[in-house]
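Structure at a glance
If you want the building blocks of each chain, they are given just below.
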Amino acid sequence: MTDSEIEFFDMLAPEWDNNEVRSTPQRINHILDLISIDRGMDILDLGTGTGVLVPYLSQRVGVDGKIVGVDLSDGMLEIAKRKYVSLNNVEFLKIDFEEQIIPGNYDIVLLYSVYPHLHYPKDTIDWLFKINIKPGGKIIIAFPSDEKFINEIHHSRGADSDCLPGAYELSKTICGWGYDAKVVEDSEDAYVISICNGATGEL
Ligand SMILES: C[S@@+](CC[C@H](N)C(=O)[O-])C[C@H]1O[C@@H](n2cnc3c(N)ncnc32)[C@H](O)[C@@H]1O
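Residues numbered from 1 in each chain as written. Predicted model: local features only at pLDDT ≥ 70, side-chain atom pairs only at ≥ 80, totals over all residues. Heavy atoms only, no water.

Turning our eyes to something else, we now look at the sheet that holds strand S1 (residues 42-46). Ordered in space as S3-S2-S1-S4-S5-S7-S6, the 7 strands form an open sheet in which the pairing is mixed. What marks the edges here is a single partner per strand, and that holds for strand S3 (90-94) and strand S6 (180-186). Each neighbouring strand pair of the sheet contributes to a mean axis angle of 20°, computed without reference to strand direction. Here strand S5 (residues 133-143) runs beside strand S7 (residues 191-196); their pairing, made up of 6 bridges, is antiparallel. Following the sheet pairing, Lys138 is matched in S7 by Cys196. (Pairing = 2+ DSSP bridges. Helix = DSSP H or I, 4+ residues; strand = E, 2+ residues; numbered from the N terminus. Axes fitted to C-alpha atoms, helices over the stretch in contact; angles between N-to-C directions.)

Given below as structure tokens:
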């Protein structure tokens, strides 16, 4: 993540929760239902931001599970930590997840509203499967909208390079990297791709 990207997210942080109108409880719960988060699971929320997913994940995994939220923006992380200080199964780490090793092993790694910001998506997915993902685990790329909505936002901010391909196009690209990537939903309310290492894991 570049310094100007960090500054950008630091600047957005104070108003992030007021502006993030797509992440309604209904859409979040629908997406989390699709990806089967069970009690006792360990979940890594990469690019957690202000932690919009965190209370939902924390409740679903329960006291025997664990949520680790990772971000590099202090502005975002300070808000997330303040909001969820009382949740015992949640930890926040300041890490550049494309440049630094993330501690721990996880059942599910979430990239929620984050994928267009990756600089090295293939390398990042390779490292996550090599280091952080438990056998049978998966990476989920998700958005509470379709790609048109995301691309319009990035376009309006002059960030056309952060373009999100359609779900089927992206899953085909990821399959070309040697993974089993499946579109779980491709609608106005949920863009969800599940990635397993090889052909063994199913949803
Ligand atoms: C569009 S925001 C989404 C935040 C949150 N997932 C949500 O949906 O509200 C993307 C977040 O990813 C973080 N991010 C992007 N690239 C990152 C990286 N390489 N390492 C750590 N955080 C990163 C940014 O700081 C930002 O908080």
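Our next topic: the pattern of salt bridges. Enumeration according to the criterion identifies 9 salt bridges in this entry. In this structure, the salt-bridge partner of Lys134 is Asp107, at a minimum N-O distance of 3.2 Å. Of this pair, Lys134 sits in strand S5 while Asp107 sits in strand S4 (residues 106-112), placing them 27 residues apart in sequence. Note that Asp126 is salt-bridged to Lys122, the shortest N-O span being 2.7 Å. (Salt bridge = Lys/Arg side-chain N within 4 Å of Asp/Glu carboxyl O.)

With 31 residues, the main nonpolar core has Leu44, Leu46, Val70, Ile139, Ile141 and Ile195 as its most contacted residues. Of all the elements in the fold, those that place two or more residues in this core are S1, strand S2 (66-71), S4, helix H5 (121-132), S5, helix H7 (167-176) and S7. If we skip the residues at most four places from it in the chain, Leu46 touches Val70, Phe97, Ile102, Val109, Leu110, Leu111, Tyr112, Val114 and Leu128. Of all hydrophobic cores here, the second largest spans 26 residues; its members include Leu32, Ile37, Leu110 and Val192. (Core = buried A, V, L, I, M, F, W, Y, C linked by side-chain atoms within 4.5 Å. Buried < 20%, exposed > 50% of the residue type's maximum accessible area, 1.4 Å probe, protein only. Contact = heavy atoms within 4.5 Å.)

A separate point is the layout of surface pockets. By volume, the largest pocket amounts to about 960 Å³. Along the wall of the largest pocket there are 44 residues; nearest its centre are Phe9, Trp16, Ser113, His117 and His154. At the level of secondary structure, the elements contributing two or more residues to the lining of the largest pocket comprise helix H1 (3-19) and helix H6 (147-156). Take the lining of the largest pocket: its biggest share by element is 7 residues, from H1. (1 Å grid on protein atoms, 1.4 Å probe; cavity = no way out; pocket = protein on both sides within 12 Å on 5 of 7 lines; lining within 4 Å. Points joined across faces, edges and corners; volume = space filled by probe spheres on them.)

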